[in-house]
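Below, each chain spelled out in residue letters.
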Amino acid sequence: MIHLNKRLPLLMLLLLITGCATTPTTKVWHPWLRTLKNEKEINIGSKLTVDVKGKTDPLLGSEVLLQNKIRYYFKQLLLRRGYEIVNSNADYNVILEYSTSRNDKQYSYSQVYSMNKNEYTYDTLYGINHGLGVSIAMAVNSLTNKSATVATNETINIETYIHSISILFNEVKTNNAIWKGEATWDSNRLDLGKDIEPAIRLLVSGLPLNDKIYPRVKKIKQGKETNYYELECKNKWFFCPALPYNIFFTLPSESNAIPDGVKNPEALVAYIDLIQSAEYALPTGSRNYKNPLLKSLWSKVVLGGKYYMGTDENQIKVLIKLKGTNEGYIVNKCIITTDEEYSKYENQFGKWKNALEDYYNIYEE
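What counts as what
- Residues numbered from 1 in each chain as written.
- Predicted model: local features only at pLDDT ≥ 70, side-chain atom pairs only at ≥ 80, totals over all residues.
- Heavy atoms only, no water.
- Core = buried A, V, L, I, M, F, W, Y, C linked by side-chain atoms within 4.5 Å.
- Buried < 20%, exposed > 50% of the residue type's maximum accessible area, 1.4 Å probe, protein only.
- Helix = DSSP H or I, 4+ residues; strand = E, 2+ residues; numbered from the N terminus.
- Contact = heavy atoms within 4.5 Å.
- Axes fitted to C-alpha atoms, helices over the stretch in contact; angles between N-to-C directions.
- Parallel < 35°, antiparallel > 145°, perpendicular 65-115°, else oblique.
- Nonpolar A, V, L, I, M, F, W, Y, C, P; charged D, E, K, R; others polar.
- Pairing = 2+ DSSP bridges.

Asker: I'd like a description of the nonpolar core, backed by residues and values.
Answerer: Counting 52 residues, the largest nonpolar core has Leu 243, Phe 249, Leu 303 and Ile 320 as its most contacted members. Counting only elements with at least two residues in this core, the list comes to helix H3 (132-146), helix H5 (225-232), strand E13 (247-249), helix H6 (268-277), strand E15 (300-309), strand E16 (315-325), strand E17 (328-336) and helix H7 (339-360). Among the elements that line this core, the one with the most residues is H6, at seven residues. When neighbours within four sequence positions are excluded, Leu 243 is seen to be in contact with Val 28, His 30, Ala 137, Ala 281, Trp 298, Val 301, Leu 303, Leu 322 and Tyr 329.

Asker: So what's going on with the packing of H5 against H6? Residues and values would help.
Answerer: Close contact between H5 and H6 brings their axes to 10 Å; oriented N to C, the two are set at 25 degrees. The orientation of H5 relative to H6 falls into the category roughly parallel. Residues Glu 225, Tyr 228 and Tyr 229 of H5 touch H6, and the partners they reach there are Leu 268, Val 269 and Ile 272. For the contact of H5 with H6, the class distribution of residues is five nonpolar, no polar and one charged.

Asker: Would you mind going over the pairing of strand E5 (residues 92-102) in detail, with residue names and values included?
Answerer: Side-chain direction in a regular strand flips from residue to residue, so the side chains alternate between the two faces of the sheet. Direction of pairing for strand E3 (residues 47-56) relative to E5: parallel, over a ladder of nine bridges. Within E5, the residue paired with Thr 49 across the bridge is Asn 93. Of the strand pairs in this sheet, E5 and strand E9 (residues 161-171) are connected by eleven bridges, and their pairing is antiparallel. Bridge pairing in E9 links Val 94 to Phe 169.

Asker: An account of the pairing of E15 is needed here, citing residue identities and associated values.
Answerer: Counting buried residues in E15 gives seven out of ten residues, a clear majority hidden from the surface. Pairing of strand E11 (residues 216-217) with E15 involves two bridges; the strand directions are parallel. Residue Val 217 lies in a different strand from E15, and its bridge partner there is Met 309. Of the pairings in the sheet, the one linking strand E14 (residues 282-283) to E15 comprises two bridges and is antiparallel in character.

Structure follows, in structure tokens:
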């Protein structure tokens, strides 16, 4: 999540006054990404050993604590996809490698130009049957980038760093590389830990997924919902892998400490997790899915997910409805929904997923 600037209260007031949904124009930050694979598919449920290596050149000493933090986060993402983490007798050895280097820049220019700095490549040689939700978000994002123009006339000195990561799956039996994901980005922050989580999340979205595994999240204590909202939600942007634009909550009304659209606030942890981890989003600006890149389609969006909350063994079903503004999406409503309502969502989502698979099915067999 990212802190908003001081314009947020004014922006939120304007949003509440205008009320109409529109496709956002302010693009979300994305690193440069690439994934490559060979003919073999990684089997869901495979046993993995996980190692993390890397170096932060501007800093001295051991990287162990940072590597432990990255390893823990990476393992959690792999477990959520249905893989088993082991110390021996693995099917695949997985290595995450990172690097950070200083790269100060000086800009001196006087021109008007089009800018399309973000790129995204996906290996489609053998076809895609997972990661389509993230892929279409990248495609929509690139359409926004191509239309951007910038007029400049100044010289700027900027202290920057280049962060890079790679994730490699080696098959133990053959010692062959099966899959590789790479990401790189410039940042004015030396701390890799702030940006690496969304980069890893985007890369692993290209791995096969067991969609029958549902996360368990913490349940907020009764009476502490406002505390959590103030600490984790208020005045912050959120990044979703399945969407090309940022997400933020509306401001609460004067009579309520939490926005009116946040129902069942004890499930706020589940709402935030879904926003930050969803790999598919259901656009609802139109029911015509013939062209998934149609911008008006993305003026409204729904996210859905199933969770276990607290120690309860009963599954909850969560829906989050997002409404488009120029600055990004606002959370219009989030709720623990009924089986009937969630079934309606799943039915519509099935149609959307089929449309995506058909859209990307461009090669003859």
